[in-house]
Every structure is written in C-alpha cells, then in structure tokens.
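Topology and contacts: notes
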Amino acid sequence: MTETSDLTFEQAFAELERVVAQLESGDLTLEQSLALFERGTALARLCERRLDEAEQKVAQLSVAPDGTPAFSSFREAE
Amino acid sequence: MVQTVPLLSLTTGFVTCHPLRYSYRTQRTPDHGDILGRSMPFYTVSQLTQYIKNLFESDPELQDLWVEGEVSNCMRSAAGHIYFTLKDPAAELRCALWRSQVPGLEHMPANGEAVLAHGRASVYEARGTYQLYVDQVIARGTGMLFLQFQMLKERLQHEGLFAAERKRTLPPFPRRLGVVTSPKGAAIRDILNVLARRYPLAEVIVAPTAVQGEEAPPQIVAAIEALNAHTDAEVLIVARGGGSLEELWAFNDERVARAIFASRIPVISGVGHETDYTIADFVADVRAPTPSAAAEMAVPDQEHLRGVLVRYRGDLAQALRRCLAASRTKTGHVLALLARLSPRAMLDRRRQRLDELQQRMTRTQTHRLDLLGGQMVGLVLRLQTLNPESTLKRGYAIASRRDTGAVVSRVAQVSSGDCIDVRVSDGQFTGTVD
C-alpha cells in the first residue's frame, strides 16, 4: 500500500472511493475492515489537507521564434 | 478578409438551364382552335403561367439561392407579411417574406439597406410576376461574415470536425490546465478567479495571445500547439470575453478550428457571451457560454468535494460499525461452539454418561437377580422331592458297609458276618449280615 503522503489528490480520492465501496460490500474479517477504515480515514484527511493547503500556481508559456519554450510566472498585462 | 462566396447578383447571368429540365410535355396541354383560318394550339393565361411556374420550380438552382441587392419599397401588410424590392443599378426583383419566417430572421430588411436575401424564386400567378420567396435576410457587411461563417461551418461539419463521437470527456481532477486567451482584460481574470476558488490544486499555464485582429488566429493556433507540445496540461481553455461579431471573428477562423481539432489535449471553448456561437465552439470538446463558465467546467468545485469527503467519512464509519456488529454476531456463535467443545463440558457429559451406565447396570443386575431367585425357588422345590429323607420317612432304609461306607444296593455286595450301618428316618443302627 502506498504511503498516503505520496499520493496526488486524484489518486487519494479515487482510492478513497474504492475503499468506501469495499468496506460497504462487507464480507471482510474484522482486521481487514479495521485496516480499510483506517486507510479510508487517512485518505479523506489527506484530500482535505491537500485542499486546505493548495495555493494556485499560474505560469506563463512563451515560445521563442526558434521554437524554444520558456516558462515564467504569469503577470496580468496592463 | 471576406471571402468570395457564390451568390447571385441580379445582373449576372445564372441561367445554366439544361433542356431536359424543361420537358414538361405532359403538362403542356394547349387547346387547338381556328386561328386565322388554321387550326393552331393555344394556351389560356393560366396554362401558360402554370407552365412557366413549373419551369421555375423544377430548377433546383432557383429553389435555394442567395441574392444580393438594395432594399426598396419595403412594406408590411396588415397580415404581417413583408414585401419589398431588391434592386441593383440594372434590375429589380420582387420579394415576399411570410410572417412565419419573421422570427427566424437574422436581419429585418429596411429601405436603402444592402442585404443578402435567401429563398426560392417562383411565379405569383395572379399578377403574372416572378418573385423571390424570402426565408432569411442578412445585412451586407456583417451579413457577409455571417454567410462566410455558415459556409465554413457547413464545410467543417461535413468534414467531421464537429462529430459528437470525437468529443472527449474532460478529466475529473486535472492537475494542469492550459489557458489560451489575452493576458489582459476580464476574461483571464475571471478564469483565474474561478479556478482559484473552485480548485486551487490545478496549476495554470497561460499561453497569452491576441484575441482579435489579423494576428489573432495564427497566435491562437501557435498557443494551442505550444501547450500540446511543451506541457502535460490535461485540459485547454480557449477563451475570449464578449465583443462584436467582428471582434470575435478570430474564433471563426478555419486555422483555429483545425488547431482545436488537432489538439491532443481536450479543449473547452468559452468565447463571448451566452448567445455567441463560434466555429471554435462547434469544434471544441465542450462549449462553455462564457470564459468563467469554461473555467467552471474545467475543474471540480472544492466545496462539493469537501461535502463528498465528509459523506465518505460517514460512510466509512457506518460500514465499520456494520462490520463490527457482524463480527460480534459471529463471535457469539463461536463462543457457543467453544462452550460446547470445552473440557469441562466434556467431563460433564462423560460424568452424566457414567451415571447413566451405572443406573442401567444396576437395573440389569437387579433384574437378573430377580430371575435367579425365581429359578432357585424352583430348584429347592425340586431338590426337596429328591431328598432321600422323605423316602426314609415313607419306611425305606439305607444300608451301607461299615468298613467302606459303600451303600449296599445289591445282595452280592455283602457276605455273612459283614457289619452294616442301617439308616432310617430318625437315625441309624448297626447290624450284622447272617
């Protein structure tokens, strides 16, 4: 199982959906269901933290006449 | 800028009739009559007019055409139909526009205006005139743009650039977005605001371009291509704020349409206002009515996501409770099973079994003894009948030799002078054999 901290929001969210479905399907040992519950809770917490901490990043792409791309931070033109 | 479009000017000849097209022999039924002493065919006015009308209506060219001219004598009848004349320096054309067509008009014709009218040419029998039955009017100028737009739209549609089956679905959680628009103005600000509010997790890469004027289409094309070539953006927003038809024109450019079509990354278009439709909108994977709406469609809303996360947490807790309850029930069953299998229970059961066996044994023994008792009584009785004493009582005696103790049952066993004991019922005495 991947450490939750290594997951992207998308991966964590998708896994959370699977964990919820799996835990709801039943037919698990007590250990399995406890492990799934813990995993799911950690994933939900991670997703929430990712949203809390997110800060929009905006870059600007420009291409030189010779075709070389350059990324810079975006500033709205006057 | 404006392309040449095939339209009919009143003075340019367009009749490219094929003789076969006019072979209405079956409908040409002139009467014959005596004319100047000779039998000649002649038509009634209605017959000839009907014949000419058939000529018009059998020519497909005349059933679907655009005519350019200046509007004059425009009037609206009490019934709501509109009649006008289209003219150019050398000719005039009567036009009729039925009330039912008015709501769909791109432009309401007015006297003195240069317009393009679309419709079919036919004959109005009652007046013996031919006229254009108009179903669309567009103003010359913007009207030309409209016509150009219509033609490009039809061509690209025919080529499959708008096909529903090639529309791609947008990723639910894009990590990176490309934005092709002007670096100044409301559009980029609105887009960035919406993205920051809804889903700040997505990184935005702006590829700034001009969005109007001659230089806009090649710049928009280059920006779309650059984002495809140099970034791993998962969605592109191609946008421009509201403006006049001419200002939005870059988004009706064929080069832009083809760049959107060729984009590996799905494209959301957000050009102008709700009511503006551009070619870019038709080619894009998703059409948004405005730049802000395009940003909204590009990313999920974190408010919604937070709600979903809370719900999932609840679902997890509830599912765990159910699992625990199920385990408890299962444990209950196991405990009952264990109790049944425990050593104490085994001992208890064995003790009970022993008890049962003992009881059964005792019962069997008693029974057997009872039986034996009965048998013994019988035997005693039988023994009693066999007791020699009872024979003695009846007067018999038993003699036995004194020396050997042998019972004398035959004469030969004794000789004269032998001592014998004689037993009778109440005792014995001794005698000697003579």
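Our subject is the structure listed above.
Residues numbered from 1 in each chain as written. Chains lettered and ligands numbered in written order. Predicted model: local features only at pLDDT ≥ 70, side-chain atom pairs only at ≥ 80, totals over all residues. Heavy atoms only, no water.

Attention shifts here to the nonpolar core. Counting 45 residues, the largest nonpolar core has F9, F13 and L16 of chain A together with I237 of chain B as the members making the most contacts within it. Looking at this core, the elements that each hand over two or more residues are helix 1 (9-25) and helix 2 (30-53) of chain A together with strand 9 (176-181), helix 4 (186-198), strand 10 (203-208), strand 11 (235-240), helix 8 (291-298) and helix 9 (302-341) of chain B. Setting aside residues no more than four positions away along its own chain, F9 of chain A makes contact with C47, R50 and L51 of chain A together with F173, Y199, L201 and L305 of chain B. Of all hydrophobic cores here, the second largest spans 37 residues; its members include I220, I265, I279 and V283 of chain B. (Core = buried A, V, L, I, M, F, W, Y, C linked by side-chain atoms within 4.5 Å. Buried < 20%, exposed > 50% of the residue type's maximum accessible area, 1.4 Å probe, protein only. Helix = DSSP H or I, 4+ residues; strand = E, 2+ residues; numbered from the N terminus. Contact = heavy atoms within 4.5 Å.)

Residue and element names in this part refer to chain B. Among the secondary structure elements, D418 is positioned in the loop between strand 14 (398-401) and strand 15 (419-424). For D418, the side chain forms a polar contact with the side chain of R401, separated by 3.2 Å. Excluding anything up to four places from it in sequence, D418 contacts R401, Q413, G431, T432 and V433. (Polar contact = N/O pair within 3.5 Å; in protein donor to acceptor, adjacent residues only side chain to side chain.)

Here we take up a nonpolar patch on the surface. Residue and element names in this part refer to chain B. Where nonpolar side chains cluster on the molecular surface, the patch consists of I35, L36, M40 and F42 and spans about 390 Å² of accessible area. Relative to the helices and strands, I35 is located in strand 2 (residues 31-35). Owing to a relative accessible area of 34%, I35 belongs among the partly exposed residues under this scheme. (Patch = residues over 30% accessible without salt bridge, like charges linked within 9 Å, V, L, I, M, F, W, Y side chains within 5 Å. Areas by Shrake-Rupley, 256 points an atom, 1.4 Å probe, with all protein chains shown as cover. Salt bridge = Lys/Arg side-chain N within 4 Å of Asp/Glu carboxyl O.)

Now for the pattern of salt bridges. Residues and elements named next belong to chain B. Taken as a whole and judged by the stated rule, the model has 22 salt bridges over all chains. A salt bridge links E57 to R120; the nearest nitrogen and oxygen atoms lie 3.5 Å apart. One end of the pair, E57, is in helix 1 (residues 45-57); the other, R120, is in strand 7 (residues 114-124), and 63 residues separate them in sequence. Residue classification places R120 among the partly exposed residues on the basis of a relative accessible area of 32%. When salt bridges that share partners are traced, they join R155, E159, E254 and R258 into one network.

Before going further, it helps to examine unusual backbone geometry. The phi dihedral of N73 of chain B is positive, around 55 degrees, even though this residue is not glycine. In this structure, N73 of chain B sits in strand 4 (residues 65-76).

Reading across from one edge, 2(A)-1(A)-10(B)-9(B)-11(B)-12(B)-13(B) is the order of the seven strands in this open sheet, with mixed pairing throughout. The open sheet terminates on both sides in strands that have one partner only, identified here as strand 2 (69-73) of chain A together with strand 13 (286-288) of chain B. Between one strand and the next, the sheet's axes are offset by a mean angle of 25 degrees, whatever the strand orientation. In the sheet, strand 9 of chain B pairs with strand 10 of chain B via six bridges, with the strands oriented parallel. Paired with V179 of chain B across the two strands is V206 of chain B, which belongs to strand 10 of chain B. Running at roughly 165 degrees to strand 9 of chain B, helix 4 of chain B makes contact with strand 1 (58-63) of chain A together with strand 9, strand 10 and strand 11 of chain B of the sheet. (Pairing = 2+ DSSP bridges. Axes fitted to C-alpha atoms, helices over the stretch in contact; angles between N-to-C directions.)

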